[in-house]
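Topology and contacts: notes
This is what each chain is made of:
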Amino acid sequence: MTGALVNAATILVGGMAGMLLRGGISETMRKGVVQSMGLAVVVIAMKMAFQSQNSMVLVVALAAGTSLGVLFDLDGRMERFAARITARTGERFGDVGKGFVSASLIYCLGAMGIVGALSEGLAGDASTLFAKAMIDGVMAVVFAASMGLGVLFAAIPVLLYEGAITLGAASLSAFFTDAMLAETSGVGGVLVLAIGLNMLEMTDIRIANLLPAIFVAFGLVYLGL
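The structure displayed is predicted, hence computed values, not measured ones.

Moving on, we come to a nonpolar patch on the surface. On the surface, Phe175, Tyr222, Leu223 and Leu225 cluster together into a nonpolar patch covering about 460 Å² of accessible area. Here phenylalanine 175 is to be found in the loop between helix H10 (169-172) and helix H11 (178-199).

Before going further, it helps to examine the packing of helix H5 (residues 96-108) against helix H9 (residues 155-167). Packing of H5 against H9 leaves a shortest axis separation of 9 Å and a crossing angle of 30°. Regarding the angle of H5 to H9, the classification is roughly parallel. The two elements H5 and H9 meet at a crossing, and its hand is right-handed. For the pair formed by H5 and H9, the contact residues are Phe100, Ser104, Tyr107 and Cys108 on the first element and Pro157, Val158 and Tyr161 on the second. Split by residue class, the contact of H5 with H9 holds 6 nonpolar, 1 polar and no charged.

To continue, consider the packing of helix H1 (residues 2-22) against helix H7 (residues 127-147). Two numbers describe how H1 lies on H7: the axes approach to 7 Å, and their chain directions differ by 25°. Compared by their axis directions, H1 and H7 come out roughly parallel. Helix-helix and strand crossings are classified by hand; for H1 and H7 the assignment is right-handed. Counted by class, the contact of H1 with H7 contains 14 nonpolar, 9 polar and 3 charged residues.

To continue, consider the confidence of the model for the protein. Averaged over every residue, the pLDDT of the protein is 87; residues scoring 70 or more account for 98%. Averaged pLDDT values for the elements of the protein fall to 81 in H10 and rise to 95 in helix H3 (residues 55-71).

With 13 residues, helix H6 (residues 111-123) should reach 18 Å at 1.5 Å per residue; the first-to-last C-alpha distance of 18 Å fits that figure. The set of residues buried in H6 consists of Ala111, Gly113, Ile114, Gly116, Ala117, Leu118 and Glu120. Its buried side turned inward, H6 meets H1, H7, H9, H10 and H11. Phi for glycine 124, located one or two positions after H6, is positive at around 70°.

Moving on, we come to the nonpolar core. With 59 residues, the main nonpolar core has Tyr107, Phe143, Val151, Val187 and Leu191 as its most contacted residues. Not counting residues up to four positions away in its chain, the partners in contact with tyrosine 107 are Ile11, Lys132, Asp136, Met139, Ala140, Phe143, Val151, Ala154 and Val158.

Inspection of the entire model under this criterion finds 5 salt bridges. When the shortest N-O distance is used, the salt bridge between aspartate 75 and arginine 206 registers 3.0 Å. Here aspartate 75 is found in helix H4 (residues 74-89), whereas its partner arginine 206 is found in the loop between H11 and helix H12 (212-222), with 131 residues between them in sequence. Of the charged contacts in the structure, one is a salt bridge between lysine 132 and aspartate 136, with a shortest N-O distance of 2.7 Å. Taken together, the residues span about one helical turn, with lysine 132 and aspartate 136 both in helix H7 at a distance of 4 residues. Of the two residues examined, lysine 132 and aspartate 136, each falls in the buried class. Several salt bridges share partner residues, and in doing so they unite Asp75, Glu79 and Arg206 into one network.

Take the environment of leucine 220 next. In this structure, leucine 220 sits in helix H12. With 210 residues separating them along the chain, leucine 220 and threonine 10 place their C-alpha atoms 35 Å apart. For leucine 220, the contacting residues outside a window of four places in its chain are Val57, Val60, Ala61 and Leu225.

Turning to H5, a few remarks are in order. Here H5 spans 18 Å end to end across 13 residues, near enough to the 18 Å set by a 1.5 Å rise per residue. In terms of burial, H5 is largely enclosed, as 12 of its 13 residues are buried. Those residues of H5 that sit buried are Val96, Gly97, Gly99, Phe100, Val101, Ser102, Ala103, Ser104, Leu105, Ile106, Tyr107 and Cys108.

The rules we used
Residues numbered from 1 in each chain as written. Predicted model: local features only at pLDDT ≥ 70, side-chain atom pairs only at ≥ 80, totals over all residues. Heavy atoms only, no water. Patch = residues over 30% accessible without salt bridge, like charges linked within 9 Å, V, L, I, M, F, W, Y side chains within 5 Å. Areas by Shrake-Rupley, 256 points an atom, 1.4 Å probe, with all protein chains shown as cover. Salt bridge = Lys/Arg side-chain N within 4 Å of Asp/Glu carboxyl O. Helix = DSSP H or I, 4+ residues; strand = E, 2+ residues; numbered from the N terminus. Axes fitted to C-alpha atoms, helices over the stretch in contact; angles between N-to-C directions. Parallel < 35°, antiparallel > 145°, perpendicular 65-115°, else oblique. Left-handed = near helix turned anticlockwise from the far one by under 90°. Contact = heavy atoms within 4.5 Å. Nonpolar A, V, L, I, M, F, W, Y, C, P; charged D, E, K, R; others polar. pLDDT = per-residue confidence, 0-100. Expected span 1.5 Å × (residues − 1). Buried < 20%, exposed > 50% of the residue type's maximum accessible area, 1.4 Å probe, protein only. Core = buried A, V, L, I, M, F, W, Y, C linked by side-chain atoms within 4.5 Å.

Spelled out as structure tokens, the structure:
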């Protein structure tokens, strides 16, 4: 689990550096940084979304997945969870809950973490996760400076997510085919795009309600659709 540990550590270090910078940034500067990061997230999301090779899987997964998310009120549950975190830590560190949820989704939705964790688990090659760690660490500096302390907490789901795939790589490798990675990454790209648009305050998309779409896409490809 070296790659997962390094990835989590770079998010923590980058996040702490961002928090140090946060104190010296004016509100106007902070808003500008958030907007610039929103644009960067949109670009990253589009690259992810274009990996999809089957538009029908993308459309069906989003429609069915969102229906499930609304049915189980995932966004409401996530908002209440985020609000509890913010209430416990205080808003002087930013909206901790929102920062945690947004950063966690951005770090975990891409295919790079899955591919890197499988590579380390099967062949002991953590190079992909090391590359992801460098990217995530740099992003953590800017995210923490703009969104606050919650970004540091995103290291926890990253460690659990990548670590679990690494440890279970032998069993999971049969399921994560190229088609599976392409379609789940495509759907994930749409979700990350929604995060970017929300950061730009262009939309108010309830992103958590879209999360089941990832699993629906996984199931559709597994069934050969």
